[in-house]
Amino acid sequence: MFHVVYRVQKNDLAKIAEEHSNSLTTAEFERMYHGIMEKGPHEWLMVDYKAPPEKRFRHGFTKVIKPQHIIKDAETESDPTPGSDGLSALSESRAK
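Reading the values: the criteria
Residues numbered from 1 in each chain as written. Predicted model: local features only at pLDDT ≥ 70, side-chain atom pairs only at ≥ 80, totals over all residues. Heavy atoms only, no water. Helix = DSSP H or I, 4+ residues; strand = E, 2+ residues; numbered from the N terminus. Buried < 20%, exposed > 50% of the residue type's maximum accessible area, 1.4 Å probe, protein only. Lys, Arg positive; Asp, Glu negative; His and termini not counted. Salt bridge = Lys/Arg side-chain N within 4 Å of Asp/Glu carboxyl O. Contact = heavy atoms within 4.5 Å. Core = buried A, V, L, I, M, F, W, Y, C linked by side-chain atoms within 4.5 Å. Expected span 1.5 Å × (residues − 1).

(A) Focus on the side chain of Arg56. Mapped onto the fold, Arg56 is located in the loop between β2 (45-48) and β3 (57-59). Of the side chains with opposite charge, Asp48 comes closest to the buried, unpaired Arg56, at an N-O distance of 6.7 Å. Residues contacting Arg56, with those up to four places away along its chain left out, are Asn22, Met46, Val47, Asp48, Tyr49 and Ala51.

(B) Spatial organisation of the nonpolar core. Residues Phe29, Met32, Tyr33, Ile36, Leu45, Phe57 and Ile65 are the most contacted members of the largest nonpolar core, which totals 13 residues. When contributions to this core are tallied by element, the ones reaching two or more residues are α1 (10-20), α2 (26-37) and β2. Per-element tally for this core: the top contributor is α2, with five residues. Ignoring any residue separated from it by four or fewer positions in sequence, one finds Tyr33 in contact with Val5, Tyr6, Arg7, Val8 and Leu13.

(C) Broad picture of α2. Along its twelve residues, α2 runs 16 Å from first to last C-alpha, staying within 8% of the 16 Å computed at 1.5 Å per residue. Listed in full, the buried residues belonging to α2 are Glu28, Phe29, Met32, Tyr33, Gly35, Ile36 and Met37.

Okay, here's the thing in structure tokens:
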């Protein structure tokens, strides 16, 4: 079972985040969502409930977003660094 989240309004996003954030806080889930939506007009977030928790969130079908990247970035938000959206960190780790 999975849920696909396309562009939604703020109040709907809050409800979706409460229901599907799993181990993330609502704020971390919303941050992950906005990081994906900033990539382009046809982007979407998938929550895959058949996948293990560390692979549950995906950008599209194939890009796995690891929750620890989102949590780490939220903790260091007061000290922003380039590529600190969680998605860039995942891309950088794959490039190595």
